[in-house]
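Results of the structural survey
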Amino acid sequence: MPVEPTPRRRRLASEVRLARKRLGWSVEQAAVELGYGSASTISKIENGTQGIKPQQLPHFFAVLGITEPAVQEAWRDMVRNARDQDWHQRYPGVADDPLGDYLANLEIASSLFIWSPVAVHGLLQCDAYELAVIIAGRAWKSDEDIERFITVRRNSRHAALSRKAPLRIRAVLTEAQLRQEVGGRATAGAQALHLIELARTHRNIVIQVIPLSRGAHAGCDGPFMAWTFPTGHDSVTIEGMKTALHLNDPDTVTDYHTTSDHLKTDALPPKESLELLAQIAKDLS
């Protein structure tokens, strides 16, 4: 039976497609090798409308050459969780794509690099700062819509920061955005203190700040998120207001990884960044 191509199923579908292409097989050849009578079955698996059963995985591993234990376990997790409700199913009309894809990635990824130079990224926001950004940035129809969106954001943030296998997060911010009085001086100051608290209490979170004195830097072309997954197939996300661009081409992803490395160099080291955050909070108090 056809299934809904949810973000989790799309991620597994992408892994199957990449494994097939790595072997240089057409869809038709993959169908023969995997023992399916029709290429359309492989097409359905690769677009997320047909699932894979747990008992089928050893066969897929053997045929597709998936030998690394960590990668096999990542596939098992995706198959096991494929039937769980996704965020957009739990919060219809609120967590639809592209937000749904982002929230699914937060559950699956090993690490995340964040370059969000306009506002502090949602994953790192304190409550007051978050509310100010949400109210200012969207055309809401009612207060209820705002509350539902905040509920999704805060639940997903809690889930991401309390994962059993911690998501490694590195974020580079600018001094300019931190001094922007989002929600007023007190809220902006509280946000700076919140970043310090996150970095000090979560060993998996590293925060760096590019000071105003640095001038031009590697991130002038705009924001992005660089994801690392247990399967080894990394990706980059560039978000807009109503859409998101997901980049999976290895050469393109490598270019963004290079940019992220330059941004880490342009920014102050973590310890000095926390000192600058403390100074910003003091100046805003």
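Check the entry above for the structure.
As a starting point, this report considers the structure included with it. (Residues numbered from 1 in each chain as written. Predicted model: local features only at pLDDT ≥ 70, side-chain atom pairs only at ≥ 80, totals over all residues. Heavy atoms only, no water.)

Some words on the side chain of Asp101
The condition is simple: Only runs of H or I of at least four residues qualify as helices and only runs of E of at least two qualify as strands under DSSP, and these elements are numbered from the N terminus. We call two residues contacting when some pair of their heavy atoms lies within 4.5 Å.
With respect to the element layout, Asp101 can be found in helix H7 (residues 99-108). Discounting chain neighbours no more than four positions away, the residues touching Asp101 are Pro7, Arg10 and His246.

With respect to the packing of aromatic side chains
To keep it simple, the criterion reads: Working definition: a ring pair exists when centres of Phe, Tyr or Trp rings (six-membered ring for Trp) sit within 6.5 Å. Plane angles under 30 degrees give stacked, over 60 give edge-to-face, the rest tilted. The cut-offs for exposure are 20% and 50% of the maximum accessible area for each residue type, with area from a 1.4 Å probe on protein chains only; residues under the lower value are buried, those over the upper are exposed, and the others partly exposed. The rule is short: NZ of Lys or CZ of Arg within 6 Å of the ring centre and within 35 degrees of the ring normal puts a charge over the ring.
Across all of its chains, the model carries six aromatic pairs by this definition. Ring geometry for Trp227 and Phe229: centres 6.4 Å apart, planes at 20°, overall stacked. Here the two residues Trp227 and Phe229 agree in accessibility, since each one is buried. The rings of Tyr102, Trp227 and Phe229 are connected pair by pair, giving a single aromatic cluster. Of note, Arg11 hangs over the ring of Phe229, and the distance from its end group to the ring centre comes to 3.6 Å.

Overview of the sheet that holds strand E2 (residues 168-174)
What counts, and what does not: For two strands to be treated as a pair, DSSP must find no fewer than two bridges joining them. Note on geometry: axes are C-alpha line fits, over the in-contact stretch for helices, and angles between N-to-C directions span 0 to 180 degrees.
Pairing within the open sheet is mixed, and its six strands lie in the order E3-E2-E1-E4-E5-E6. Lying at the two open borders of the sheet, with one neighbouring strand each, are strand E3 (205-210) and strand E6 (244-247). Neighbour-to-neighbour, the strand axes of this sheet turn through a mean angle of 15°, independent of strand direction. Two strands pair when backbone bridges link them, and strand E1 (residues 111-115) and strand E4 (residues 224-228) are joined in this way by five bridges, in the antiparallel orientation. Paired with Leu112 across the two strands is Trp227, which belongs to E4. Packed on one face of the sheet, H7 meets E1, E4, strand E5 (235-239) and E6 and runs near 40° to E4.

Section: the packing of helix H1 (residues 7-22) against helix H5 (residues 69-81)
Note the following rule: For any helix crossing, the convention is left-handed if the near helix is rotated counterclockwise from the far helix by under a right angle, and right-handed if that rotation is clockwise. Each residue receives one of three labels: charged for Asp, Glu, Lys and Arg, nonpolar for Ala, Val, Leu, Ile, Met, Phe, Trp, Tyr, Cys and Pro, and polar for the others, Gly being one of them.
One can describe the packing of H1 onto H5 by two numbers: an axis separation of 9 Å at closest approach and a directional angle of 145°. Relative to H5, H1 is oriented so that their crossing is left-handed. For the pair H1 and H5, contact is made by Arg8, Arg11, Leu12, Glu15 and Val16 and by Trp75, Met78, Val79 and Asn81, respectively. For the contact of H1 with H5, a count of residues per class yields five nonpolar, one polar and three charged.

A short note on the pattern of salt bridges
We count it as follows: Any Lys or Arg side-chain nitrogen found within 4 Å of a carboxyl oxygen on Asp or Glu counts as a salt bridge.
Under the definition given, this model contains 16 salt bridges. Glu73 serves as the salt-bridge partner of Arg76, at 3.2 Å between the closest nitrogen and oxygen. A residue pair is termed a helical-turn pair when its members lie 3 or 4 positions apart in one helix, as Arg76 and Glu73 do in helix H5 at three residues. On the accessibility criterion, Arg76 (28% relative accessible area) is partly exposed.

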